[in-house]
Amino acid sequence: MSREDDRSLRFYNEVLGLDHLHYGIWEGNEELTIANLKEAQLRYENFLISKLPSTAKKVLDVGCGTSAMTQRMLSMGLEVHGLSPDKTQKENFTQNLNVPFYHCLFEDFDSDERFDCMVMSESAQYIPFVQLFEKVRKHLNPGGHLMICDYFVLDHSEGVLAKSGHNLNQFKAESEQQRFKLIDERDITEETAKTLDMALLLAERILKAAEIFSEKPRQKHPILSKILFRLFRKKWDKINRDRDLIDSTAFKDQKRYLFLLYECQEQEG
Ligand SMILES: C[S@@+](CC[C@H](N)C(=O)[O-])C[C@H]1O[C@@H](n2cnc3c(N)ncnc32)[C@H](O)[C@@H]1O
């Protein structure tokens, strides 16, 4: 995970005070507030917990983020191990929890441990999918499950939106190829997309604050301000380009946010 990703995770956690790093599930006409975003994230977590198979006694939380989900599953009496390549998350996890943690990319994971279920909450998109299914199979007990909740890219997707997330059709084809049977699926695109409206609102507020605080220096030092503006123009253009990433209408058109529950089947031959 890059330093930039690490910074954005710290922003959600340390600035916005969010315990989770996923989109959440919004309901009806909920107002765009941080409190409602937290509620939506809790609703999402409850949903995943409700979908855990009854056979899941030993679980690997792949890309465990702030470890909120790990802690929730531990409180249910499950045996849970965590995995993340992120240094900040490793420190947070190992300081707060006394259960095994694997500090690596999932595609590099290699252990004698076997799990009944692997949970990938918004982390599957970072793992090359051929290796994803291979590694899951290697570390699952017979008949084990893989739970994925993440967004995927549709075939007609283009531009920045096409860059994050696996192509849905390719991902599903690979799962069949590697004999993972889809036993439950729910499309939550509509309920998750509102988090992007929230992100846009926050971005606009932050830009407004920057404008207000730079008003005086701009009046006092117009030449210096112009030089700085030129210097930061590229950054500014990038911020504007990135706005496409938080356009909820484009997201709903080009992506699908899905809950997928797979059962790992025996390989032929
Ligand atoms: C958007 S966060 C989701 C965190 C948490 N699962 C949640 O739902 O709040 C993505 C997580 O995936 C992890 N991640 C990124 N690349 C990964 C990889 N190749 N293998 C395993 N985890 C990865 C990140 O460190 C982070 O924990």
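What you are looking at is a predicted structure, and each value in this text was computed from that prediction instead of being measured. (Residues numbered from 1 in each chain as written. Predicted model: local features only at pLDDT ≥ 70, side-chain atom pairs only at ≥ 80, totals over all residues. Heavy atoms only, no water.)

(A) Expanded view of the site of the ligand. Close contacts around the ligand come from 20 residues, with L21, H22, G63, Q89 and S121 the closest. At a separation of 2.8 Å, an oxygen atom of the ligand approaches a polar backbone atom of L21. At 2.6 Å from an oxygen atom of the ligand is found a side-chain nitrogen or oxygen belonging to Q89. For the ligand, whose free accessible area comes to 590 Å², the fraction covered by protein is 95%. Looking at the shell around the ligand, its residues break down into 9 nonpolar, 8 polar and 3 charged. (Near = heavy atom within 4 Å. Polar contact = N/O pair within 3.5 Å; in protein donor to acceptor, adjacent residues only side chain to side chain. Areas by Shrake-Rupley, 256 points an atom, 1.4 Å probe, with all protein chains shown as cover. Nonpolar A, V, L, I, M, F, W, Y, C, P; charged D, E, K, R; others polar.)

(B) Fine view of the packing of helix 2 (residues 34-50) against helix 3 (residues 68-75). Remark: helix 2 packs on helix 3, axes separated minimally by 11 Å, with the N-to-C direction vectors making an angle of 45°. Viewed along their axes, helix 2 and helix 3 adopt a mutual orientation that is oblique. As for the relative orientation of helix 2 and helix 3, their crossing is right-handed in sense. Residues L42, E45, N46, L48 and I49 of helix 2 form the contact with helix 3, whose participating residues are A68, M69, R72 and M73. For the contact of helix 2 with helix 3, the class distribution of residues is 6 nonpolar, 1 polar and 2 charged. (Axes fitted to C-alpha atoms, helices over the stretch in contact; angles between N-to-C directions. Helix = DSSP H or I, 4+ residues; strand = E, 2+ residues; numbered from the N terminus. Parallel < 35°, antiparallel > 145°, perpendicular 65-115°, else oblique. Left-handed = near helix turned anticlockwise from the far one by under 90°. Contact = heavy atoms within 4.5 Å.)

(C) Focus on unusual backbone geometry. Residue S67 is not a glycine yet carries a positive backbone phi of 75°. By secondary structure assignment, the location of S67 is in the loop between strand 1 (58-62) and helix 3. If you check the backbone angles, R179 has positive phi at about 60° while not being a glycine. Mapped onto the fold, R179 is located in the loop between helix 6 (168-177) and strand 7 (180-187). The exposure class of R179 is partly exposed, given its relative accessible area of 27%. (Buried < 20%, exposed > 50% of the residue type's maximum accessible area, 1.4 Å probe, protein only.)

(D) Seen up close, the environment of Y151. The residue Y151 is located in strand 5 (residues 140-153) in this model. Along the backbone, Y151 and L258 are 107 residues apart, and their C-alpha atoms lie at a distance of 6.0 Å. Setting aside anything within four residues of it in sequence, one finds Y151 in contact with Y23, Q125, S164, G165, H166, F251, K255, R256 and Y257. A polar contact of 3.3 Å, which involves the side chain of Y151, links it to the side chain of Q125.

(E) Examining the packing of helix 5 (residues 129-139) against helix 6 more closely. The contact between helix 5 and helix 6 brings their axes to 10 Å, and the two run at 35°. Crossing handedness for the pair helix 5 and helix 6: right-handed. In this structure, helix 5 contributes F129, V130, L132 and F133 to the contact, and helix 6 contributes Q170, F171, E174 and S175. Tallied by class, the residues present in the contact of helix 5 with helix 6 amount to 5 nonpolar, 2 polar and 1 charged.

(F) Structural context of the pattern of salt bridges. Within this structure, the stated rule accounts for 11 salt bridges. Two residues, K58 and E113, come together in a salt bridge whose shortest N-O distance is 2.5 Å. Taken together, the residues span a long stretch of sequence, with K58 in strand 1 and E113 in the loop between strand 3 (101-102) and strand 4 (115-121) at a distance of 55 residues. Here K58 falls in the buried class, since its relative accessible area comes to 15%. Its relative accessible area of 27% is what places E113 among the partly exposed residues. In this structure, D187 engages R256 in a salt bridge whose closest nitrogen and oxygen atoms are separated by 3.8 Å. Of this pair, D187 sits in strand 7 while R256 is found in strand 8 (residues 255-264), placing the two residues 69 residues apart along the sequence. Given a relative accessible area of 40%, D187 falls into the partly exposed group. Taken together, the salt bridges that share partners define one network made up of E27, E30 and R43. (Salt bridge = Lys/Arg side-chain N within 4 Å of Asp/Glu carboxyl O.)

(G) Examining the nonpolar core more closely. Grouped together as the largest cluster of nonpolar side chains are 28 residues, with contacts concentrated most on F106, M120 and L146. For this core, the elements supplying multiple residues, two or more each, are strand 1, strand 4, helix 5, strand 5, helix 6 and strand 8. The residues contacting F106, other than those within four sequence positions of it, are L60, V62, L83, M118, M120, I127, L132, K135 and V136. (Core = buried A, V, L, I, M, F, W, Y, C linked by side-chain atoms within 4.5 Å.)

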